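Working through the structure, step by step
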Amino acid sequence: MKKKKYNIAIAGATGVVGKEFLKILEERNFPVGEIRLLASERSAGSTLEFKGKDEPVRLLNEETFEGIDIGLFSPGASVSAVYAPKAGKAGCIVVDNTSQFRMDPDVPLVVPEVNPGAIAQYRTKNIIANPNCSTIQLVVALKPIHDKYRIKRIVVSTYQSVSGAGKEAMEELSDQVRKLFNMQEPEAKVFQHRIAFNCLPQIDSFLENGYTKEEMKMVNETKKIFGDDSIKVTATAVRVPVFIGHSEAVNIETEKPIKPEDVKKLLSKAPGVTLLDEPKKGVYPMPTDASGQDDVFVGRIRKDESVENGINLWVVSDNLRKGAALNAVQIAEVLIKDYI
C-alpha cells in the first residue's frame, strides 16, 4: 500500500539550492510528512520557513537519515561522497545535486522529460544523480530533436550566471558592482578575476586537455543521459555577470534533413519547453524570462548555412530551478508515483 506522505531530508538546506528545494516542494504540494533540514555546524541551530512554520536546521550526520524516505542533496560533492552512501544504506533514496555520482555507472543520471525510465536503476545504491545545470537545459531542448532527426554533433557555448557558483558568488557580483559605481577597487575572492562587467571563460578548474571540468561535465553527461556515446559534443563554458539564469548558444548537426520550421513545431509541443521565437519583434529567451520559471526557454532557431543538416538554437533556463532543485523534485515525484 502506497504512503500518503513521505519523510524528506534536505542536505545543504541553507544554501541557495537548498532553499529552492523548500520553495518548490511547497509550490508543487509535494506530500511531505516530516521535513528534516540538514547543514554544517555553521548553520545548525538556525531555522528556515516551510509551509508557514519555522523548521530547525540540524547538524548533518549519519544518524539524521533514519526514517527518511527521500533525501534531496546539495551540500557539495565532498559531503555527498560521505553521506549519500550512508543515507542510502539507511533506506533513504538520495537525489544528489552535486557532481559526485553523475558518471558512476551504478547511479542513474536523470532528467524526467528526457530519460525517466533510468530512475529504475536507483536500487543498486539508493542514489540518483541530478545532472549539471547546463546539461539539464541542453538535453531538455535537444531530446525531441534527437528522437526525430538523430543528432550526431553538438557545439555549445554557455553564458552562466553567478548563482551557479553559490550564494557567495552572488554577493561578490553585487559587492563589485557597488564598489565600481563608488569609484572603489573591487575584490575578487570567489572568482579568479573580477566578474562585474566582465566575462570569464573559465568555470571550474582546467584539465589536461585544455577544457574545464564544467565543459567536460556537459560532454560526458549529455552522452550518458541520451545513452549514446556516438554523439560528438564540444563545449565552452563562460561565467557572465547575471545573477540567475544560464544561457546557451547551441549548434547541432543531424543525420536526417532538418528545417527550422520543423524544429519550432516540434519544440512548441515538447514537455518542459517554452518557445519564444519571433526575433523581428524582439522576442527571444533571456535570463529575465526564465528567472523563477520551470520551463526551458528556446528561441533564435535558424538554419546553420555552413553544413547540410545544421540548426542553431538559443536556450535559457533558471539554473536554480530546472537546473537544480526543480529537476530533483521532479525525480522525487516520479519515485513516489512509480517506484515507492
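The sections below set out a description of the structure shown in this document.

What counts and what doesn't
Numbering of residues starts from 1 in each chain and follows the order in which that chain's sequence is written. With pLDDT at 70 or above as the cut-off, local features in this predicted model cover only qualifying residues; side-chain atom pairs require 80 or more to be listed or tallied, and sums for whole chains, interfaces and linings still use all residues. As a convention, hydrogens and water are excluded, and side-chain values are obtained from all of the structure's heavy atoms. Going along the chain from the N terminus, every DSSP run of H or I of four or more residues is numbered as a helix, and every run of E of two or more is numbered as a strand. Using C-alpha atoms as the atom set, the radius of gyration is obtained and then compared with a globule rule of 2.2 Å times the number of residues to the power 0.38. Between two residues, a contact is recorded if the distance between any of their heavy atoms is within 4.5 Å. Accessible surface area values rest on a Shrake-Rupley calculation with a 1.4 Å probe, where residue burial reflects the displayed protein chains alone. All axes are obtained by fitting lines to C-alpha atoms, using only the stretch in contact for helices, and the reported angles, taken between N-to-C directions, cover 0 to 180 degrees. An angle below 35 degrees is read as roughly parallel, one above 145 as roughly antiparallel, one from 65 to 115 as roughly perpendicular, and any other as oblique. Under this grouping Gly is polar, as are all residues other than the nonpolar Ala, Val, Leu, Ile, Met, Phe, Trp, Tyr, Cys and Pro and the charged Asp, Glu, Lys and Arg. Using a grid of 1 Å spacing that covers the protein atoms alone, one calls a set of points a cavity when a 1.4 Å probe fits there but cannot get out, and a pocket when the set is open and has protein on both sides within 12 Å along at least five of seven lines; lining residues are those with an atom within 4 Å of a point. Grid points are joined across faces, edges and corners, and a volume is the space filled by probe spheres set on the points. A pair of strands counts as paired when DSSP detects no fewer than two bridges linking them. Centre distance within 6.5 Å is the pairing criterion for rings of Phe, Tyr and Trp, where only the six-membered ring of Trp is used; planes under 30 degrees apart are then read as stacked, over 60 as edge-to-face, and the remainder as tilted. With a 1.4 Å probe rolled over the protein chains alone, any residue whose accessible area is under 20% of its type maximum counts as buried; one over 50% counts as exposed, and the rest are partly exposed. We count a charge as sitting over a ring when the NZ of a lysine or the CZ of an arginine lies within 6 Å of the ring centre and within 35 degrees of the ring normal.

Our next topic: the overall build of the chain. Along the backbone of the chain there are eight helices and 13 strands. Taken against the 2.2 N^0.38 rule, which gives 20 Å for 340 residues, the C-alpha radius of gyration of the chain at 20 Å falls within 12% of a compact globule. Seen along its three principal axes, the alpha-carbon backbone of the chain occupies a region of about 60 × 60 × 40 Å. Long-range contacts, defined as pairs at least 24 residues apart, comprise 66% of the intrachain contacts of the chain with a sequence gap of at least 6. In the structure as shown, the chain presents an accessible area of about 15500 Å², 49% of it carried by carbon and sulfur atoms.

Quick look at the packing of helix 3 (residues 133–149) against helix 8 (residues 321–339) now. Running from N to C, helix 3 and helix 8 cross one another at 85 degrees; their axes reach a closest spacing of 8 Å. As judged from the angle between their axes, helix 3 and helix 8 are roughly perpendicular. Residues Cys 133, Ile 136 and Val 140 of helix 3 lie in contact with helix 8, whose contacting residues are Lys 322, Gly 323 and Asn 327. Classifying every residue of the contact of helix 3 with helix 8 gives three nonpolar, two polar and one charged.

By volume, the largest pocket is sized at about 1000 Å³. Ser 74, Pro 75, Gly 76, Gly 164 and Gly 166 are, among the 42 residues lining the largest pocket, the residues nearest its centre. When contributions to the lining of the largest pocket are tallied by element, the ones reaching two or more residues are helix 1 (16–27), helix 2 (77–89), helix 4 (167–181), helix 5 (213–226) and helix 8. Of the residues contributing to the lining of the largest pocket, the split by class is 16 nonpolar, 18 polar and eight charged.

Spatially, seven strands are ordered 3-4-2-1-5-6-7 in an open sheet, and the strand pairing comes out mixed. The sheet is open, and its two edges are formed by strand 3 (47–50) and strand 7 (127–129), each paired on a single side. Each strand of the sheet is rotated relative to its neighbour by a mean of 25 degrees, with strand direction disregarded. Running at roughly 165 degrees to strand 5 (residues 70–73), helix 8 makes contact with strand 1 (6–11), strand 5, strand 6 (93–96) and strand 7 of the sheet.

Within the open sheet, the six strands sit side by side as 9-8-10-13-12-11. Their pairing is mixed. Strands at the two margins of the open sheet, each flanked by one partner only, are strand 9 (232–239) and strand 11 (273–275). Shown here is a sheet whose adjacent strand axes are inclined to one another by a mean of 25 degrees, direction ignored. Judged from the five bridges that link them, strand 12 (residues 296–303) and strand 13 (residues 310–317) form a sheet pairing that is antiparallel. Considered in strand 13, the bridge of Phe 297 is made with Val 316. Strands strand 8 (151–160), strand 10 (246–254), strand 11, strand 12 and strand 13 of the sheet are contacted by helix 3, whose axis makes an angle of about 25 degrees with strand 10.

For the rest of this paragraph, the subject is the environment of Val 283. Locating Val 283 in the fold gives a position in the loop between strand 11 and helix 7 (287–290). Considered as a pair, Val 283 and Gly 299 are 16 residues apart in the sequence and their alpha carbons are 8.1 Å apart. Ignoring anything within four residues of it in the chain, the contact list for Val 283 reads Leu 276, Asp 277 and Glu 278.

Moving on: the packing of aromatic side chains. Counted by the stated rule, this structure contains four aromatic pairs. Measuring from centroid to centroid gives 6.1 Å for Tyr 122 and Tyr 339, while their planes differ by 80 degrees, and the two rings are edge-to-face. Residue Tyr 122 is located in the loop between strand 6 and strand 7, and its partner Tyr 339 is located in helix 8; the two are separated by 217 residues in the primary sequence. Judged by centre distance (6.0 Å) and plane angle (85 degrees), the ring pair of Phe 181 and Phe 197 falls under edge-to-face. Of the two residues, Phe 181 is situated in helix 4 and Phe 197 in the loop between helix 4 and helix 5; the sequence distance between them amounts to 16 residues. In this structure Phe 181 comes out as exposed when scored by relative accessible area, which is 63%. According to the relative accessible area criterion, Phe 197 is exposed, its value standing at 53%. The ring of Tyr 83 has Lys 86 lying over it, and the distance from NZ or CZ to the ring centre is 5.6 Å.

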